[in-house]
Each structure stands twice: as C-alpha cells, then as structure tokens.
Amino acid sequence: MKLITAVIKPFKLEEVREALAEAGVQGMTVTEVKGFGRQKGHTELYRGAEYSVDFIPKTKIEAAVSDELVEVAVEAIVSSAATGSIGDGKVFISDLGQVTRIRTGETGDQAL
Amino acid sequence: MKLITAVIKPFKLEEVREALAEAGVQGMTVTEVKGFGRQKGHTELYRGAEYSVDFIPKTKIEAAVSDELVEVAVEAIVSSAATGSIGDGKVFISDLGQVTRIRTGETGDQAL
Amino acid sequence: MKLITAVIKPFKLEEVREALAEAGVQGMTVTEVKGFGRQKGHTELYRGAEYSVDFIPKTKIEAAVSDELVEVAVEAIVSSAATGSIGDGKVFISDLGQVTRIRTGETGDQAL
Amino acid sequence: MSNFLFKACSPIILLLAAIMPGIAGAQDALDSGDTAWMLTSTALVLFMTIPGLSLFYAGMVKEKNALSVMMQCFTICCLMTVLWVLYLYSLAFSDGSAFIGDLSMAFMSGVGVDSLSGTIPESVFSMFQLTFAIITPALIVGAFAERMKFSAMLWFMAIWVSVVYAPICHWVWGGGWLGEMGVLDFAGGTVVHINAGIAGLVAAIVMGKRRGYPESPMKPSNLVLTMVGAAMLWVGWFGFNAGSELAADGVAGMAMAVTQVATAAGALTWMFAEWKSHGKPSALGLVSGAVAGLVAITPASGFVGPMGALAIGFASGFGCYISVVKIKRTFGYDDSLDAFGVHGIGGIIGAVLTGVFVDAGLGGAGLADGVSMAAQVGKQFVGIVATIVYCGIVSFIILKVLDNVIGLRVSEQDEQEGLDLVLHDEQGYNM
Amino acid sequence: MSNFLFKACSPIILLLAAIMPGIAGAQDALDSGDTAWMLTSTALVLFMTIPGLSLFYAGMVKEKNALSVMMQCFTICCLMTVLWVLYLYSLAFSDGSAFIGDLSMAFMSGVGVDSLSGTIPESVFSMFQLTFAIITPALIVGAFAERMKFSAMLWFMAIWVSVVYAPICHWVWGGGWLGEMGVLDFAGGTVVHINAGIAGLVAAIVMGKRRGYPESPMKPSNLVLTMVGAAMLWVGWFGFNAGSELAADGVAGMAMAVTQVATAAGALTWMFAEWKSHGKPSALGLVSGAVAGLVAITPASGFVGPMGALAIGFASGFGCYISVVKIKRTFGYDDSLDAFGVHGIGGIIGAVLTGVFVDAGLGGAGLADGVSMAAQVGKQFVGIVATIVYCGIVSFIILKVLDNVIGLRVSEQDEQEGLDLVLHDEQGYNM
Amino acid sequence: MSNFLFKACSPIILLLAAIMPGIAGAQDALDSGDTAWMLTSTALVLFMTIPGLSLFYAGMVKEKNALSVMMQCFTICCLMTVLWVLYLYSLAFSDGSAFIGDLSMAFMSGVGVDSLSGTIPESVFSMFQLTFAIITPALIVGAFAERMKFSAMLWFMAIWVSVVYAPICHWVWGGGWLGEMGVLDFAGGTVVHINAGIAGLVAAIVMGKRRGYPESPMKPSNLVLTMVGAAMLWVGWFGFNAGSELAADGVAGMAMAVTQVATAAGALTWMFAEWKSHGKPSALGLVSGAVAGLVAITPASGFVGPMGALAIGFASGFGCYISVVKIKRTFGYDDSLDAFGVHGIGGIIGAVLTGVFVDAGLGGAGLADGVSMAAQVGKQFVGIVATIVYCGIVSFIILKVLDNVIGLRVSEQDEQEGLDLVLHDEQGYNM
Ligand SMILES: Nc1ncnc2c1ncn2[C@@H]1O[C@H](COP(=O)(O)OP(=O)(O)O)[C@@H](O)[C@H]1O
Ligand SMILES: Nc1ncnc2c1ncn2[C@@H]1O[C@H](COP(=O)(O)OP(=O)(O)O)[C@@H](O)[C@H]1O
Ligand SMILES: Nc1ncnc2c1ncn2[C@@H]1O[C@H](COP(=O)(O)OP(=O)(O)O)[C@@H](O)[C@H]1O
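Given the structure is predicted, the values throughout are model-derived calculations rather than measurements.

Scanning chain D from terminus to terminus reveals 15 helices and 2 strands. Scaling as 2.2 N^0.38, a compact globule of 431 residues should have a C-alpha radius of gyration of about 22 Å, and chain D matches this with 22 Å. Each principal axis of the C-alpha atoms in chain D carries an extent, and together these give about 90 × 50 × 40 Å. Taken across its 431 residues, chain D has 70% of its residues classed as buried. Of the roughly 11800 Å² of accessible surface on chain D, 66% is carried by carbon and sulfur atoms. Seen as two clouds, the 17 positive and the 28 negative side-chain charges of chain D have centres 15 Å apart.

Right under this line is the structure:
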C-alpha cells in the first residue's frame, strides 16, 4: 500500500475528491495547510506597517491506496488539480507498512 | 522506528492519548482534519440553498515509536478509539528513517 | 528523495523557513498542530471548573528534499529551531517514493 | 374678588393641569420627556436579550451549539411578542383578581394611539413590559443549554410564560397580592430573576447533565463575545432599572446610578474572590460578577442609595461566586450557564437586601409608614418563597408532562454532533 | 367681560402657546422630550447601518470578503454624510418643485442652532434623515456583495443617491408629488426599501453571478455575527419607525409596538414555513423573516394597529420566504444577500398592505376623508410603480455607464482570492 | 390696571416659572426631556467603553491577548465607578480650589433623589461624568496593550485617575482655572483625549516595545470586531458630544450634527490618504480616520457649525494619519494601538481648531465678547500645554514608582505565551 499526499489549491478540493472517487479511492483525509514555494504571497498593510505574507493557503489530501491504484490515483489528482498557473502543488508518494480499520480491526487493502 | 498515524473521531482524542501514554508512547502530534470515507456527512441549508457536506471532522494523531512499541501502540489506539459505528477511522504505519530531538540533538529511539 | 517533517515552536517558524531556504530547500508545507510530550501544558479556569490542557500549540513543517540535501536541511532546522528549553520539538525523516509537480507533471528531484 | 380671579384664570389653570406633568392630578397627560425615555428604555431592554444575552450565552457554549442558544433567545423574543399582544399582556396587567388578570385586554383591545398609562402612551408601557416577558424565559435558556430539543423548548416557554410568568407578574406589578402586601420589587428581582433562576434549576435537574459533564472540558468557545454580551447587558440594564420608574425623573436617575455602582461592586468582588482563591483574576469571573450585581440591584434600584448599592453589589458578587463555584459542584446539577447560580441566587440576595437598604437611615428612599425593617424583610421573604414554590412546582409539572409527551432532550449522538447541525442544519462559524 | 378677561390673560396664553408643545399653533417651539427622542432615534438608525447591517452582511459572506462588505457600509456612511451637508439635504428637503428640491440649503445654509423643524431642532431633523440616506445605499450592498470593485461602488453610490434617492425622497417626504397625492409611507417602505431592493436587483443582474454560483457552496461564514446584526437591526428599527413620528407621543409609541409585532410575526412565519417545507427551522431563516417583517411594517408603522401588524408581518414573512427560496432560484439572478428578495419584496408587500390596514375598521389610524380602501391601495400602487420604474431605469443607466468607463467587477482571480486581500490588503480574521 | 392684572395672574406666572424649563430663572426645575436625553447619553457613553472600545482594541491585538485588553477596559469601568462614588466625583466637581475639588461630596453625600444639576437630576449628571472618567483611562490601554501586568495596570489606573484625571477635569469643567480662563472644551478634547494620549505615550516609552516590534508581524487578529467597535464608538459618541450640552436642545442637535460630519470627513481623509500613498484603501485606515475625526470634534462640538466640522475632520484625519504612519515609525516608540497617535494628536488638533472655528464668521457659535480668534487660540494652547506638562510629568512619576515597586511588564516568556493564558487562565477563542 502507498500513501499519496497531495498539496493543492483549496478551491480545487471538490474536483480532486470527485476525480479520486472516480478512480476508485474510497477514503481520504484532508488538512488545511499553508504552503511556501515558488508562488508569491501577498502584502498586508495595517496602519502603515507593511507585512509580506509568503505563506499561501493550500489544502493537503492524504489517501492510502493499494499499490495497483497508485498510478491512476496520481493521474486523477494531477489532471483535476491542475490550473496551469504557478502554485498548483505537488503529489508525494510514500510506502505504507500497514493499515488497520479501527471499527473492525481489518488490516491491509481491506481496511482502505 | 515507525510512524503511527491514526485518524479518529475527535471526541475520542483524550481516551486515545491516555491509552497511548499507558502503552509507553511519550509524545504525539495532533492535527484537526476533515475525513472522507464511508461515513455519511450532513446537510446544511441557508436560505433555501442546500449543501451536502461530505467531509467530517476528524482528528489525526501522529506518533513516532520504536519498533518494539508498534504493535502494542496500534492495539492501544484501536481499542480506545473504537465505538463500533462507521467512521471510527484508520491506523497507518510507515517507516521512519531518523528522528532528531531539536533541543538536544539526540537521534534515534532516544529522541522519541 | 526524503520527506523531512519537523515539529517546532510556532514563533520559530519564520527563522526555520529562512534557514531552510538558505540551505537550498525551495518549498515546504506548514500545518498548525497540537503537541503532546514532555513539555507541560497550562491550566484554564472557567467559573470554578479547572481544566488542565496538555496539548501545546506547535507548528509542523513538511519539506520534500533530494537525498543530498537531507543532512544540511536537518542541520538548518535544528539550529534555527532550538531555544534550549523543553518542547523545542523533533525532526523526522522518511522515504519518499515519488514526487510530481501538478502544474507541469515533472517528477523526481525536478519536481521539488 | 379672589373668587372672581380664580374664575377668570381657571381655564388657564385647567389647561396647565391638563398638559403638564408633575402637577398634582395631571398624571393623565402625556409627557414627551417621559415618553422619550420609555421608548428608549424599551429599546434598551430588548437590546439586553437580542443581541446582549444571546451573545453572553453563545460565547459560553461549545462552538457547535452557539447558534442554537442564539436561536432560542431570538425565537423566544418573537414568540413572547405574539402571545403578549394576543393574551399575555391582558393576563398580566388587566384588573382580574389578586392572582391573575383577565382577558379584557386580549388582542390589545382598548390600547389605542391615545391610551395613556400614567404620563406615557399605554402602547409604550405594554411594549416595555413585553421586553421583561421576553428576557425572563430567555434567561432560563442558560440552564438547559446544549441539550434541549428546540420544539420542546418552544412548548415549554409558551406554557411557562402563560401559567408562571403572567401570574407572578400580576402578583407583583399588576395589582396582585404581593404588590398589595407591600413587597418591594422595583424592576423585577422576583418576577424576572428568581423566577427564571428557579425555572432554570428545575429544568437542569429534570433534564439531567450534559453528556460528559463534569469530567470532560466544557470550555466557553468565544469569551470575547461573552464579554461583549455582558457589556450589552450592563448598558441595556439602565433601561431595565431606570426605565422601571416609567418616567425621566430623579428616581430614574438614582436607579441608574445605583445600577452602575452595584454592578461595578459585584464585578470587582467576584474578580478579587477568584484572584484570592484561585490565584488569578479571570474575565469570565469579572463579567459574571457584573451580572450578579445587576441582578441583585434590580429589585432595589428605585429604593436604595449609592452606598446601599455598593453593599448589595458586594453581597451578590460574593454570594453568586460561592453559589456557582462551590454549591453547584457540591450538588452536582448541571446548570449549564448558571442561570440559577447567578439569577436565582442574585435575585434572592437582592430581594432580601432591598428590604434592608430601603431604610432612609441607610441612604434609601425610606420604609413605608409604620413598617419596620424586619417587617419589610419579612414581606420580601414572602415574595421570594411564594415565587420559589409556585414557579418550582409548576415548572416541574410542565417539564415532566412535556418529557412524557414529546421528550425534552436530543439523543446522545445528536448532543455529540452539536445542536446547530442537528436541529437547524446550520453552523455558527464556517471559517 | 369675557373680552376683558381674554385681554387680561392673553399674555399668559401667548406665553403658554409659545412654550408648550401640543397646543395648537405652537409647533414652532422646541420640545425637549421630542428632541430627546429624535436625538436617540438618530443614534439608533445610524446603529442600524454601522454596526448592525455591516454585521448582518459580513456574517453572510465568505470569510475572505467579510471586511469588504463592512468597509462598503462604513464608507457609504461617511460619503453620504459629506454629500448630505454639501447638497443632498437641500435636494431632498428644500421646496424646489414637485420632483426635486433646489440648492437653497446647500452647505446647510440656514440650518443654525436655533432653526426648528416642528418641535425639534432642524439639525436633528436633518441628521435623522441623513441616517435614512445612509442605510438605503448600504442595503444595496447585499445584492452585489463579493464581486464589486470598491472604486466602482463609491462612484455608483455617490451618483445613485444624488439622482435616485434624493428625488424619490423628495417625492414622498419633501413635499413632492407622491406625498401630495396621498401615498402613505410612514418610515420609508418606498423611499428606502423598494428603492434599495430594485437598485440591488438591477445591480445583481447587470453585474452577473458570483463565480461558482449556484453550483458551489456559498455558505455564510459567521452566522453568529449575522444574528447579532439582525438583532441590532431590530433594536435600531425602533428609531427608524417610531422616530419617523418626529415626536415622543402616542403615534410614536404605537409605531414601536406595531414594529415589534410585525417583526416577531415575520420571523415566526419564515421559521415555520422552512420547518414545514425543509424539515428543520433555521436561525438564518428566523432572522431573515424578522427583517422581512421589519421592512414591511416600515411604511405602515404610524398608521396601523397591533392586529394589522400581525397580518403584515405574516404576509411579509411568507412572501419574502417564497421570493428568496423559490423565485430567486427560478430566475437565476444572484442577489447575493437578498437585498431585493427581502427589502424589495417586503417593501412592496408593506406598501400595499399599508393601504389596507390603515382602515380604522381594521384597527388602523383611519383612511383620509373621502378615500376608500381601494383608492388608497391604488395610490400605494402608484407609489410602488413610480419607484420601481424610475429607480430601475436610472440605476441601470448608471451601472452600464460605469461598467463601460471603469468596470464594475473585480477579475475572476481576484474574486477567487477574496476582496479583503485584493482590494484592501487586509484580512478580516487573522486567527 | 396692568398692575392689577399682574397681581391677579402672578400665581400662575410663578407656577409657570417653577415648572417650565427654558424660562429665565427656571434652571432649577427638572426637565423630563433633558433628563431623558441625559439618561440616554450616559448609556451611550458607557456603551463606548464597553463594548465599543473593548472590541475596537480586542480586534487589533493578537488573538492570545484579546481577552486581556477587554478585561482591562471592563475592570477599569468597574474600578472607576467605585472610586467615583467614594471620592472622585467630589474631587472633580466640588467647589474646592481652582486646582482641585474637596471631599465635601465624598460618598455621594448630598446627592439625593431630588438633587438637581441644572434641569437634570444630579445623580444623572454624576453618572454622565463618570462615564468620561471611565473611558479616559480605558483609552490609555491602547498604548501599553499586550505587555502590561494586570495588577500594575490596576494600580496605575487608580492612582492616575485620582491625581491626573480628577484635577484636570476640575480645571476645565469643575470650576477650575482653565475653565475660568475661557479655554473651550465642550466635551473633553483636553480632559479626555489629550490627557489619555499623553499618558499613553509616556507609558509606551517607559514600558518599552513589545517583544518583536517592529520586525515581526503584529497583525490585528480580528478586524471585523475592530470595525464593530469603531461603529459603536461612533454611535456612542453622540452621547459624549451632544450629551455634553446636558440638555436636549438646539446646541445638542448641532453638536450631534457636527460630530457626524467631522467623523465622516476624518474617515474619508485617512482612507484617501492611504489610497494615494499606499495604493489601496483599508478598512482599518477608514475607521482610524473616523476615530480621529471623533476625537478632534469633541472639544469643538458645541461651538462650531457643519462646515467647520468638515474642516476639523479633514485636518484631524490627515494629521493623525501622518502621526501614526510616519511619526511613530520615525521615533520608534511602540504605542501599540495608537492611543497617542489618534487621541493625543487628534485631541490637540481639535483643541486648536476649536479656537478657530468657534468664530461666527466661520459658522461657529461666536467668540466670547472681546476675545479675538488669536486670543482664543492662545487660550486653547494654554489648555493643551498645561495638560501635556502636568499629565506627562505625573504619569511618568507614577509609572516609574510602580515599575520599581511591583514591576510593570510581564516576563518575556509570558508575553510570548499571551496575556490571556498567563494572567487570566483563559482563552478568548476556543474554536
Ligand atoms: N519541497 C516541498 N516540500 C513540501 N511541500 C512543497 C515543496 N515544494 C512545494 N511544496 C508545496 O507545494 C505548493 C506549491 O508549490 P510552488 O512551488 O508554489 O508551485 P508549483 O507547485 O506550481 O511549483 C507550496 O505552496 C507547498 O505547499
Ligand atoms: N484510504 C484512506 N486514506 C486516508 N484516510 C482515509 C482513508 N479511508 C478512510 N480514511 C479516513 O478515515 C475516516 C473514517 O473512514 P470511513 O470510511 O468513514 O469509516 P471506517 O473507518 O469506519 O470504515 C475517514 O473520515 C478518513 O478521514
Ligand atoms: N513520539 C513522538 N511522535 C510524534 N511527535 C512527537 C513525539 N514526541 C514529541 N513529539 C512532538 O514534539 C513536541 C515536543 O516534544 P516534547 O517532548 O514536549 O519536548 P522535546 O522535544 O524538547 O523533548 C511535542 O509537543 C510533539 O508535538
């Protein structure tokens, strides 16, 4: 099993979720994060004090998938999350040793 | 060392924390997340506009543990987080290459 | 490639970000988390009801880096995040199978 | 000659008498100043409930229930308004018997543009009193917050205000037996606060504790809003107390002054008590003490002087602190936001001390002729006990009946998920 | 003899006449009670816009636009104030013609410390009216929220208030043709609410929908604040309606009473309608109904009785519910916060029903001599149609011209990022 | 004959004189309209501090300190109230000397239900003045926010108000030397704003900068609440300025009008200045300008006309903008929320311009007989300088002494963790 972690633009969440569901991914966990990278931030001004804010609101999606699903899932994310403009985000893949479903105690692919 | 990541129902956090502590896990990091899976979401209504919200508030716990602790820790999570109803969540296990304690520079199991 | 995950004190974020940038890390993703460990929490009191809060606000930084950068990056984090007092946090390193840049589809080190 | 002159000028004198307030026998002429103040007071007392009390309460509950308590307060405001003009005003303020009014003024019949009540339009008097009939049930919300069904809440409030509030209001202010007996309740210590506090206590006991109380944390979600609500209560209370004079005069002025003093004293007392016993002063303690002071000065506000107010504020700040921090914990009932602990206890302290500090020797307006301080305190006790017994028993019956017929509480799982989503399909904060 | 007496006492009678309000012919003396109430009313109506309406709106938009709507309301308040003392007051309230005033009172010339308007200082009358000229454009903000350029908003409002608001205000209250014809609009159903609602509808259509509307969720970010705003609107509205009597008297009192009743009825109606059709009552529905009731009672407030108010509140609560929940969805325009759906529709319902419930037989103040109910309703329709047509056409022209000259909308990407950051370099919440 | 008639009607005339305000020699009769307005004004000015100023400040600090500033404002309100009735009112308003009152009215002795102050109850006058003694120290909180110990704050305020506020209030309004000399300060430009601004500046300098200032971001945590607070300040300020007339008359009306105008002008000026220099208009800038306008019109409000108000608002909006955006940065002191930058500077601008625009030729009420504009401006300078020097020196001494005895600042680590948790064991937001 693999853990796919994607950092995307927040307003793309719904599209990505649908694309993943279509690809056969049945569950995922979503976190609001702040990203730092090539995309430029913005400036804020409060009574003459100028702050440049480099961090940009992003959404992180984590989905554990069985090995055979990895490729199509990544493909689904990339195609649904892309706008073509800077800051579209990344997809990371890492190994997952074991998964357990708390409710039933099932493990492995069945637990996904 | 392994990284145990558990997604649980938010109101179970305190119980899980205690179970982990009892199991010998001395530290953990907690994130508020939104989960998507088999558990159904809810509906919201604002002036006639109905929104179905699929994402459900969940809590993610990350704990780095030494290899020998993994099993008992997972066991502790599963038994303390289970309610038996859908949406209880998952436990993921992955490898951890190295851990460093910032304060002291210690690494490995000592750093946990 | 490796994923470096650091849990630090929130007010150190800016310093760590700068240290990482200096070390050559070009992107990172930041999450507000709550930490539990050796550092003691605080007490809150509401109309005679005393609550001891064990979880402490922390900031989690995730940065995917190429293998050769790992050491210097960890070094950068440790030296910039340390205050010497308890609760400074940890740095975790794990393997990363693949990285894709959503905008371009690039993968591997180029995608970082 | 003098007779001739009297005749000559008598039309003018009559004219004068007719149009000017303050001249004996002229109470039936409208006074624009009094009317201006009572219009304002009505707005101020409404302001106490919405947004004041709503915010005070919404900030103290969990995030997932914030909207539910605001919605309860707001709905109570609407429901009471409609019932008021249909029959409640008549029940409370028409002549009727010593125990309850009749329906002669139902549908506001007889209340026209020109109807007067003293020097102000009766429409204004009626609306001013309505705002009291709104805040009283709204206060009870604090006792059963975070667990009551919305529908059950509606039924309870509609019945309670008809069979508990209206009669007790009539007893004290509508020409009923307590007022006749000489019980002093200037602005509602008995009618409003003890009444709401007791009903709240009964509701808290009948409904049982919130899931997880008191083991798991029940932290206020937004104390910033709670402080705003408390501040609004304070400001609005000037309408409550100084407005209860029904005129813009020296008594109203003094009522405002003693309100200010007792509130400040109550707030500081609670703050210092907490500082001493816990080691730190808290914002929630401070504003709780302020409300305790406001509650206790309410029955006394037209009768006592600034130094009496200081004493009343001090006593109430301390008494309510003990009640909320110690007594509630000892007995273990879950009066979620301390409707009883602050309004019940503060109301009782205020009602008793009104009988003391009304004494001219203590700076008050003076005891009634031939009434000793002990006798007055005795009367105050009669008022308190009558309210506690009647309100306690009737509230209990209503709640038990409703519990059997439609059920009072939401399910455990719904309580877990939060009333905002479960009962209203909404969230207070989407941020 | 009687002649002699008259002479003898005549100085006194003159004196009396000069200093006392309420005596025929004495309208030109200042009455401190009336003045007190109008100073208060002015504060209350300002309070409706800032913070009331600002909060009501800010809570309904997305987090990233919260500050932008508040800033729009606040800036409108400032801009209208300056234009008002420069020329707007004169345009609206100087004699001029039947269609518009002139500039004889520009720069407030002639309005001194001693100038009176009835029994109150003209300065107070002018400020009271200013608060209406503030809230009217501020209401429009709800229709185009979350997508309009700030600069375009400023231009639109400055022009609109000069060429739409000022004349229509003059028609109805400044001695213009609608007032002369006998159209009844006690506190601004036509001038304020229909006017703002129509301008909002036109703006919503001209500007087009928000990006993602209606497919993606447009959830209110902070309904707690929206409820606070609604409560403030309610309280402040007492100044709006009871203040429109320009005196603290029985009519003002009744105006307050009917305002309270209609609001409660509107709120409950919307709530129960939603409960019935959707299965749950919502807080946003409740307060939307309250505003619907407030809007509809506005033109009627000095003319109808409590039972008429009940009917008007009911009709408006239901009508606006249908309009917002059904009609808007059917036609597909994006009136973001329902400025038209509540203020336009509610204003029309209220204006029509004013002509009905003014009838003495229905508890109202009575139709004018020789005017039948049908005739009065006819007059009301003339007022409504004139406002819709004039406001609709002129608002459309202003918007189209501005769109061509400077552009009305922010770019799609800016809309995505949120107006607070893009237009003001600020965030509403940094938590 | 005429003599006969006079005699014949004289009882009536006496009667008239006794009961009617406005007739020469009748100042000692209570006027219900004036009383109504002053009761309202007192509520409005209290509303300025809690919740108004509390919210304005709480929104500008970091989330972790939000409760601490609210608690400071609220506690100040309570503490001043108690000190006021004990001795402060007497110190400020009893006859005493030209520099300070005496203790003849301590414990409110002599202030009964029937005591009058002009045409209003003395209880109301005293409470109205109390609200000024509350907001003045509360304003200072803005200068040392986010770093002062709560206990040190309490000591400082209790001492400061006794040895700085009370005397300066006496100088100007209590029959003291500045008032006698003819310094014009209608509603507190000198007593309230310059005074608070200077004390704030001294405190900011003595206490030093916040940790991390100015390098690290000090973003306002909740500008939505700051805007609400600013709106409440604006509305409440009508009580402050129009209430300072102590009557509901033409001067009060004009005071309200010029307050509205100057505020709007100040807000727009700051907004456009920022738009021009920074490229975008900000909400915080807008409301800061509004407060600047409010501050500057305060001393002038009973003396100038609408066009003078426009000029004063413009000057203050611009002056305070420069002061906050440029001067503070140049000198590097950390006046956290610009108590000095807005209240100090705005107060000075207003005090000077009062001497200019009071001129009848500029639309004002007119200079005193035989006083030239230059002379009046000179007097204004004397008032300003006296306040700056006295307040500056004494505040400095108090702070230095307290710093040595109990310490003014929390530890660096506590500052890091936030005052809410460290000093009060609470959090403002638990969401
Ligand atoms: N090396 C990295 N490690 C972790 N997250 C990263 C890394 N680089 C980028 N990110 C995340 O991806 C987001 C987008 O990256 P950015 O460089 O701005 O644009 P792009 O993905 O289009 O190249 C960032 O905001 C950050 O959250
Ligand atoms: N494949 C997955 N990858 C990541 N997180 C998942 C995955 N499946 C489920 N989750 C997380 O676990 C939570 C519970 O899953 P759900 O399918 O609703 O119930 P259950 O765990 O009882 O089968 C989800 O809300 C989500 O946060
Ligand atoms: N085993 C662990 N797994 C995951 N996170 C941990 C673990 N131990 C500590 N942490 C994180 O590191 C933070 C600091 O740890 P703590 O034990 O308090 O201090 P120190 O790092 O100085 O030893 C914790 O608040 C928690 O977020």
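After that view of the structure, there is still more to cover.
This part is about the packing of helix H9 (residues 250-278) of chain D against helix H5 (residues 150-173) of chain F. Angle between the axes and distance between the axes are the two parameters that describe a pair of packed helices. H5(F) packs onto H9(D) with a crossing angle of 140° between their chain directions and a minimal axis gap of 14 Å. If you check the angle between H9(D) and H5(F), you find them oblique. Between H9(D) and H5(F) the crossing geometry is left-handed. Judged by residue contacts, D:Met271, D:Phe272 and D:Trp275 of H9(D) engage F:Phe150, F:Ser151 and F:Leu154 from H5(F). Residues of the contact of H9(D) with H5(F), tallied by class, amount to 5 nonpolar, 1 polar and no charged.

Along an α-helix, residues three or four apart share an orientation, since each turn contains 3.6 residues. Taking 1.5 Å of rise per residue, the 21 residues of helix H8 (residues 223-243) of chain F would be expected to cover 30 Å, and the 29 Å separating its terminal C-alpha atoms lies within 8% of that figure. Taken as a whole, H8(F) carries its principal kink of about 30° at F:Gly236.

If you look at the biggest cluster of nonpolar residues, it comprises 528 residues, and the most contacted ones within it are D:Tyr57, D:Phe74, E:Tyr57, E:Phe74, F:Tyr57 and F:Phe74. Those residues in contact with F:Tyr57, other than ones at most four positions away along the chain, are F:Val69, F:Cys73, F:Ala138, F:Leu139, F:Val141, F:Gly142, F:Leu337 and F:Ala339.

Take the interface of chain E and chain B next. Taken together, the contact pairs 17 residues of chain E with 9 residues of chain B. Contact between chain E and chain B buries roughly 1100 Å² in total, counting both sides, with carbon and sulfur atoms accounting for 60%. Among the residues of chain E in contact with chain B, E:Lys219, E:His278 and E:Arg329 are the three that bury the most area, contributing 38% of the side total. Taken together, the connections running from chain E to chain B amount to 2 salt bridges.

Attention now goes to the packing of aromatic side chains. All names here are of chain D. Under the definition given, this model contains 63 aromatic pairs over all chains. Geometrically, the ring pair formed by Phe 99 and Trp 177 is tilted, given 6.4 Å between the ring centres and 45° between the ring planes. Of this pair, Phe 99 sits in the loop between helix H3 (66-93) and strand S1 (116-117) while Trp 177 is found in helix H6 (residues 177-181), placing the two residues 78 residues apart along the sequence. The exposure class of Phe 99 is partly exposed, given its relative accessible area of 48%.

Right, let's get into the arrangement of the chains. No interface is formed between chain A and chain D, the nearest pair of C-alpha atoms being 11 Å apart. There is a gap between chain C and chain E: no contact, and a shortest C-alpha distance of 11 Å.

Calculation rules
- Residues numbered from 1 in each chain as written.
- Chains lettered and ligands numbered in written order.
- Predicted model: local features only at pLDDT ≥ 70, side-chain atom pairs only at ≥ 80, totals over all residues.
- Heavy atoms only, no water.
- Helix = DSSP H or I, 4+ residues; strand = E, 2+ residues; numbered from the N terminus.
- Rg over C-alpha atoms; globule rule 2.2 N^0.38 Å.
- Buried < 20%, exposed > 50% of the residue type's maximum accessible area, 1.4 Å probe, protein only.
- Areas by Shrake-Rupley, 256 points an atom, 1.4 Å probe, with all protein chains shown as cover.
- Lys, Arg positive; Asp, Glu negative; His and termini not counted.
- Charge placed at Lys NZ, Arg CZ, Asp CG, Glu CD.
- Axes fitted to C-alpha atoms, helices over the stretch in contact; angles between N-to-C directions.
- Parallel < 35°, antiparallel > 145°, perpendicular 65-115°, else oblique.
- Left-handed = near helix turned anticlockwise from the far one by under 90°.
- Contact = heavy atoms within 4.5 Å.
- Nonpolar A, V, L, I, M, F, W, Y, C, P; charged D, E, K, R; others polar.
- Expected span 1.5 Å × (residues − 1).
- Bend = angle between axes of the 7 residues up to and from the residue.
- Core = buried A, V, L, I, M, F, W, Y, C linked by side-chain atoms within 4.5 Å.
- Buried area = accessible area lost by both parts, 1.4 Å probe.
- Salt bridge = Lys/Arg side-chain N within 4 Å of Asp/Glu carboxyl O.
- Phe/Tyr/Trp six-rings, centres within 6.5 Å; stacked < 30°, edge-to-face > 60°.

Such coordinate-based values are descriptive only and should not be taken to indicate function.
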